[in-house]
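Chain by chain, the residues:
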Amino acid sequence: MIVSWNTTNQCNMFCKHCYREAGEKVREELTTEEGKNLIDEIKKAGFRIMIFSGGEPLMREDIFELVGYASQVGLRPVFGTNGTLITREVAKKLKNLGAMGMGISLDSLDPEKHDRFRGYPGGFEEAVRGMENCLAEKLPFQIHTTVMDWNKDEIENITDFAVEKGAVAHHIFFLVPTGRAINIEEESLRAKEYEEILTRIMLKQQKVPIEIKPTCAPQFMRIAKEMGMDLRFQRGCLAGTSYCIISPKGEVQPCAYLNISIGNVRETPFSQIWAESPVFKELRSLNYKGGCGRCKYKLACGGCRARAAFYNNGDYMAEEPWCLYQGRTGY
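This one's a predicted model, so the numbers in the text were calculated from it and none came from an experiment. Numbering of residues begins from 1 in every chain and follows the order in which that chain's sequence is written. Thresholds applied to this predicted model are a pLDDT of at least 70 for local features of residues and 80 or more for the giving and counting of side-chain atom pairs; totals over whole chains, interfaces and linings are not thresholded and use all residues. No hydrogens and no water enter the side-chain calculation; it runs on all heavy atoms of the structure.

S.K.: Is there a simple way to think about the packing of helix α1 (residues 32-44) against helix α2 (residues 63-72) in this case?
M.R.: Helix-helix packing is described using two parameters, namely the angle between the two axes and the distance between the axes. Note on geometry: axes are C-alpha line fits, over the in-contact stretch for helices, and angles between N-to-C directions span 0 to 180 degrees. Working definition: helices are DSSP H or I runs of at least four residues, strands are E runs of at least two. Numbering for both runs from the N terminus. Taken N-terminus to C-terminus, the directions of α1 and α2 make an angle of 25 degrees; their axes are 10 Å apart at the nearest point. In terms of orientation, α1 and α2 fall into the roughly parallel class. Relative to α2, α1 is oriented so that their crossing is right-handed. Facing Thr-32, Gly-35, Lys-36, Ile-39 and Asp-40 of α1, the residues of α2 in contact are Glu-65, Leu-66, Tyr-69 and Ala-70. For the contact of α1 with α2, the per-class residue count stands at four nonpolar, two polar and three charged. Each angle is binned into one of four classes, with values under 35 degrees roughly parallel, values over 145 roughly antiparallel, values of 65 to 115 roughly perpendicular, and all other values oblique. Crossing handedness follows the turn of the near helix against the far one: under a right angle anticlockwise gives a left-handed crossing, and clockwise gives a right-handed one. Only heavy atoms enter the contact rule, under which two residues are in contact if any of them lie within 4.5 Å. For this scheme, ten residues count as nonpolar: Ala, Val, Leu, Ile, Met, Phe, Trp, Tyr, Cys and Pro. Four count as charged, namely Asp, Glu, Lys and Arg, and the remainder, Gly too, count as polar.

This is how it looks when you write it as structure tokens:
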């Protein structure tokens, strides 16, 4: 089970697709003590992997203390970061505190395109330097890419770049329109392209020694099965079943892109929210509507619940819209 905590809304970038609309630090972010209490509750709820994300998590002043504490209680701390602040010293310190891996964003091999998408001149160069610093300190890292219509033809080349740089994985994120990403919804892929690129990704996985994982594209599980591939993943969409996210102010959501506040950890212990939330219970029922409900790959895929909600007036149990294999009667 994996939980992601947006430790801060503060960020040195202004990414076009940011679901948190990060930039400035917001008032009433969880304190250090509240953060440690949250970490205790996450452990109590049975989670194993804790993602420190943001905003940019390395801009939080007490981040090293929190990472060390998470490791101390038995969690596996990992990061979602833009990589620009990972100096050699930062990488060494995180490694010594028990950090297990860094997810570093890279959206194009063209520095200008990457920097424009991230709203940060020099971001490409600094991200690559962050990767090199991780490698030097033997801190595992992986590359995170958000696939759009303008970079879809680069994906395999970015995977090759990840291999060349010593990354352990390449995770490829498919846009869900939320936060700032609503403004670039037209740049996201549609069903036919969605299917084609997922097939390309699975073919690429057969040729490289590192892990490639599509995220917010649960149909990759069905495509992998149809291609006879045996992946280590058990399910596509994890929202509310074995994954959730916590905002800088303690609001719990099923996933980063399903903007439904289920409760606040300042008011209700996280372990209780995870166990008792009606929304989580409904998501775990797998009682999906339409094609997703009839599909024989329902258990392995589940459709993207956030995308279903966006295109169906907030109904997160509706049919996933960007899927060519609709699971209609007879499938």
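S.K.: How should I be thinking about unusual backbone geometry in this particular structure?
M.R.: Backbone geometry follows two general trends: most residues other than glycine have a negative phi, and most peptide bonds adopt the trans configuration. The omega torsion across Gly-54 and Gly-55 is 15 degrees, close enough to zero to call that bond cis. With respect to the secondary-structure elements, Gly-55 resides in the loop between β2 (49-53) and α2. A positive phi angle is found at Leu-286, which is not glycine, with a value near 60 degrees. With a phi close to 55 degrees, Asn-313 is a non-glycine residue in the positive phi region. Structurally, Asn-313 is set in the segment after α12 (305-310). Looking at Asn-313, the relative accessible area reads 84%, which means it is exposed. The cut-offs for exposure are 20% and 50% of the maximum accessible area for each residue type, with area from a 1.4 Å probe on protein chains only; residues under the lower value are buried, those over the upper are exposed, and the others partly exposed.

S.K.: What is the right way to look at the nonpolar core in this model?
M.R.: General note: in soluble globular proteins, nonpolar side chains tend to be found buried as a group. The term nonpolar core refers to a set of buried residues drawn from Ala, Val, Leu, Ile, Met, Phe, Trp, Tyr and Cys, joined through side-chain atoms within 4.5 Å. Core analysis: the largest hydrophobic core is formed by 90 residues, its most contacted members being Ile-42, Met-50, Phe-52, Leu-94, Met-102, Phe-174 and Phe-270. Apart from residues lying up to four places away in sequence, Ile-42 is in contact with Val-3, Phe-47, Met-50, Leu-75, Ile-246 and Phe-270. In terms of nonpolar packing, the next biggest core, distinct from the first, is built from five residues, Cys-295, Tyr-297, Cys-301 and Tyr-325 among them.

S.K.: What is the right way to look at the sheet that holds strand β1 (residues 2-6) in this model?
M.R.: By definition, the strands of a sheet pair up through backbone hydrogen bonds, in either a parallel or an antiparallel sense. Criterion used throughout: strands pair if DSSP finds at least two bridges between them. On the basis of which strands lie adjacent, the open sheet formed by 10 strands has the order β7-β6-β5-β4-β3-β2-β1-β8-β9-β10 and mixed pairing. Where the open sheet ends on each side, the last strands, each with one partner, are β7 (211-215) and β10 (263-264). As paired elements, strand β4 (residues 101-105) and strand β5 (residues 141-147) share four bridges and run parallel to each other. Counterpart to Gly-103 in the pairing with β5 is Gln-142.

S.K.: Would you explain the environment of Gly-303 in this entry?
M.R.: Here Gly-303 is to be found in the loop between α11 (290-294) and α12. In the structure, Gly-303 is positioned 266 residues away from Asn-37 in sequence and 33 Å away in space, judged by C-alpha atoms. Leaving out residues up to four positions away in the same chain, Gly-303 has contacts with Pro-218, Gln-219, Cys-237, Cys-292 and Glu-320.

S.K.: Hey, could you run me through helix α4 (residues 111-118) in this one?
M.R.: Helical geometry: 3.6 residues make up each α-helical turn, so side chains three or four residues apart lie on a common side. Those residues of α4 not exposed but buried are His-114, Asp-115, Phe-117 and Arg-118. For α4, the angular spread of buried residues about the axis comes to 165 degrees, placing them on one side. In the core, the buried residues of α4 are packed alongside β4, α5 (123-136) and β5. Here α4 starts with a cap whose side-chain oxygen sits 2.9 Å from the backbone nitrogen of Glu-112, and that cap is Asp-110. By arc we mean the arc of the directions from the helix axis to the C-beta atoms, nothing more. Residues adjacent in sequence count toward polar contacts only when both atoms are side-chain atoms; beyond that, a polar contact is any pair of N or O atoms within 3.5 Å, and within protein one must be able to donate a hydrogen and the other to accept it.

S.K.: Any chance you could explain the pairing of β4 here in plain terms?
M.R.: Successive side chains on a regular strand alternate, one facing one side of the sheet and the next facing the other. Burial within β4 is extensive, with five of its five residues counted as buried. Alternating residues of β4 divide into Gly-101, Gly-103 and Ser-105 and Met-102 and Ile-104, and every residue in both groups is buried. Bridge count for strand β3 (residues 76-81) against β4 is four bridges, and the pairing is parallel. Within β4, the position partnered with Gly-80 by the bridge is Gly-103. Handedness of the crossover is the feature at issue here: the chain leaves β3, passes through helix α3 (residues 88-97), returns alongside β4, and the resulting connection is right-handed. Handedness of a crossover is defined as follows: with both strands directed away from the viewer, a clockwise route from the first strand across the helix to the second makes it right-handed.

S.K.: Quick question: what am I supposed to make of the packing of aromatic side chains here?
M.R.: Here a Phe, Tyr or Trp ring, Trp counted by its six-membered ring, pairs with any other such ring whose centre lies within 6.5 Å, and the pair is stacked when the planes are under 30 degrees apart, edge-to-face when over 60, and tilted otherwise. Applying the stated rule across the entire model yields 10 aromatic pairs. Seen from their ring centres, Phe-117 and Trp-150 are 5.1 Å apart, and the 70 degrees between their planes marks the pair as edge-to-face. Pair noted here: Phe-117 is in helix α4 and Trp-150 is in the loop between β5 and α6 (155-165), with a separation of 33 residues, a long-range link. Looking at Phe-117, the relative accessible area reads 3%, which means it is buried. Under the relative-accessibility criterion, Trp-150 is labelled partly exposed at 26%.

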